[in-house]
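Chain residues, written in single-letter form:
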Amino acid sequence: MSNEHGHGDGHHEPQSFIWKYVFSVDHKVIGIQYMITSFLFLLVGFTMMLLMRWQLAMPSPGDDFDPEKLGMMRTILASVFGENNMPYGYMAPEFYNQLGAMHGTIMIFLGVVPLGVAAFGNYVLPLQIGADDMAFPRLNMASYWTFLVGGIVMLSSFLAPGGAAQSGWTSYAPLSVAAPPGQTIWLIAMVIIIASSLLGSVNFIVTTLNMRAKGMTLGRMPVFVWAQLVTAVLLLLAFPVLQAGAMLQLLDRVAETSFYIPKDMFYGGVAFPRAGGGSPILWQHLFWFLAHPEVYVLLLPAMGIVSEIIATNTRKPLFGYKELVGSMILIGALSFVVWAHHMFVSGMRTSLANLFVTTTMTISVPSVAILTCLLLSLRGGQIRFNTPMLFAVAFLPMFGIGGLTGLPLGFAPTDLYLHDTYYVIGHFHYVVAPGSLVALIGATYYWFPKMFGRRMNESLGKLHFWATIIPINFVFFPMLIQGMWGMQRRLADPTLQWHNLPVQGWSMMIGIAAAVLFLAQIPFFFNFFYSIWYGEEVGENPWEATTLEWACPSPPPHGNFAAPPVVYRGPYEYSVPGHDSDYWPQDEAEPEAA
């Protein structure tokens, strides 16, 4: 490889702080930038959720309400957010919907996806394939800064007249076309964020296919690399569709077009001035053509991470490596033909609905295959229950619940009842929060020693695990109950519908559990930042793992490897009979015959 990327004479000009840590082109620094920025966005999105849960726990003042006797918390909320958003400390429906739309957008597009794909993908993928950097380092830097600008633009929409976007994270037309100016800023921010993802996905694909070390065939790549490759292809093929759709909606709002505005549309009791021959259903098709592959963009990196952690901590090869990889590829292909199961209530023909029911049930097969392979990988292993392993093992039942609760939503007859209820929120969050996010937290503990040369505290890590996994189930499982009862989402005050009253009590418990879950992250963030400087120092391979990222120093220098590594075997050679230790690194040469 050329000196430009790091291998060769090993000499590099000293860089200033700005070019080394701010505008860096090193994939490792960019990965850490993505990680910390994603954590900050997740914190912002979590805070929005807490405000919504506070409102839902105690949504209305009651008949004996006295505005002169507000509690301290409601007085603070009213003064912080203003009387328009929080009259007497109770949330206005418009502000509630702003928080709902922004919570979903931030957690998905600015939190979980960049953490799983851009942060860990950027840092770990080049190391695992033996590369010295990404294929296009400057494009990598541009991807991060485009992402950051998009996130800041998204948050700035709260400053617009009428507040932020309030048409849900799905921004369904025609409501979104007639929404206040915050929706326009949302669309601009989405176009910027999508551009960032496209830059990154091209980089990941080229890096994986062209920069593998000698001997690193496709069949020797770790499962995490395969997961990132499939994810990058999904992003590259699906995101341009939403980008085009967002631009069309932007034109409807600012250029007086009518791509999504139907003929004779009335809004607020009067004829909408730009009503034309557009189709609101077109937006749903364009949005979900991206948003369902996006579900697997959230999941596939998590599955790859769990595969790495389980292999390392069972001290045995993964069960069904080829089946795991094949299932990921099949999921990627099928994810493009299931999108309309989100649209059963839109009036589609029964024959078309049956087609999407069939594809939806089909895509569950490779998902179950992956879960089965990971469960069978535990069988007969010498399991080490360290903090990363706890999070990895917890992912399995949490993802299982998320998948099983999705099946009724994949059948048109049951979806007609459950659509737009809290059941949908409970299902999706089981996939994303106790599922993907739990795996990503496990990845933070697992690869932290490689990133900083120090280990996070195990006792604090286990405290964080139990304090997270218990309340997170008390947050989302009751939503499934509320949804089956018929409680609809996007209501600032569900008690206005009498049929919700029997299950309203669950909202108080969900609110308390959400507050506990928020507090449970304090030991994690303390552990993370404290351990960067004061954690236990470790060597290059503290977990005694086999993949290539553990063959370079911790943290890796610029260029990663002292010499280009050579790969001699597959990624999970653990407990090989006759070998002198229970792990056989990919880059360790065969012993010479006597």
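Residues numbered from 1 in each chain as written. Predicted model: local features only at pLDDT ≥ 70, side-chain atom pairs only at ≥ 80, totals over all residues. Heavy atoms only, no water.

Peer 1: Give a description of the confidence of the model for the chain that names residues and reports values.
Peer 2: This prediction gives the chain a mean pLDDT of 92; 96% of its residues lie at or above 70. Counted against residues more than four places away or in other chains, residues 1-11, with its pLDDT under 50, gives 22 contacts. (pLDDT = per-residue confidence, 0-100. Contact = heavy atoms within 4.5 Å.)

Peer 1: So what's going on with the nonpolar core? Residues and values would help.
Peer 2: Side chains of a nonpolar character, in soluble globular proteins, are inclined to be buried together. The biggest cluster of nonpolar side chains holds 185 residues, and the ones touching the most others in it are F120, I310, F395 and W447. At 20 residues, the largest contribution of residues to this core is made by helix α4 (residues 93-128). In this view, W447 contacts F120, V124, Q128, F224, I305, E308, E549 and W550; residues no more than four positions away in its chain are not counted. (Core = buried A, V, L, I, M, F, W, Y, C linked by side-chain atoms within 4.5 Å. Buried < 20%, exposed > 50% of the residue type's maximum accessible area, 1.4 Å probe, protein only. Helix = DSSP H or I, 4+ residues; strand = E, 2+ residues; numbered from the N terminus.)

Peer 1: I'd like to hear about empty space enclosed by the protein, residue by residue, with values.
Peer 2: Within the structure shown, the criterion is met by 2 cavities of 30 Å³ or more. Within this model, the largest cavity holds a volume of roughly 200 Å³. Around the largest cavity sit 19 residues that line it, and Y34, V117, A118, S196 and S197 are the ones nearest its centre. Put simply, the parts of the chain that give the lining of the largest cavity at least two residues each are α4, α5 (137-156), α6 (182-210) and α7 (223-254). Within the lining of the largest cavity, the residues separate by chemical class into 11 nonpolar, 7 polar and 1 charged. (1 Å grid on protein atoms, 1.4 Å probe; cavity = no way out; pocket = protein on both sides within 12 Å on 5 of 7 lines; lining within 4 Å. Points joined across faces, edges and corners; volume = space filled by probe spheres on them. Nonpolar A, V, L, I, M, F, W, Y, C, P; charged D, E, K, R; others polar.)

Peer 1: A description of the packing of aromatic side chains should follow, citing residues and the corresponding values.
Peer 2: The full count for this structure, using the stated rule, is 43 aromatic pairs. With centroids separated by 5.4 Å and ring planes inclined at 45 degrees, the aromatic side chains of F81 and F95 adopt a geometry described as tilted. Of this pair, F81 sits in helix α3 (residues 72-85) while F95 is found in helix α4, placing the two residues 14 residues apart along the sequence. When its relative accessible area of 4% is taken as the criterion, F95 is described as buried. Of the aromatic side chains, those joined through ring pairs into one cluster are F39, F391, Y445, F448, F452, F465, W466, F524, F525, F528 and F529. (Phe/Tyr/Trp six-rings, centres within 6.5 Å; stacked < 30°, edge-to-face > 60°.)

Peer 1: Tell me about α3, residues and numbers included.
Peer 2: A bend of about 75 degrees at S79 is the largest found in α3. On its buried side, α3 packs onto α2 (27-57). (Bend = angle between axes of the 7 residues up to and from the residue.)

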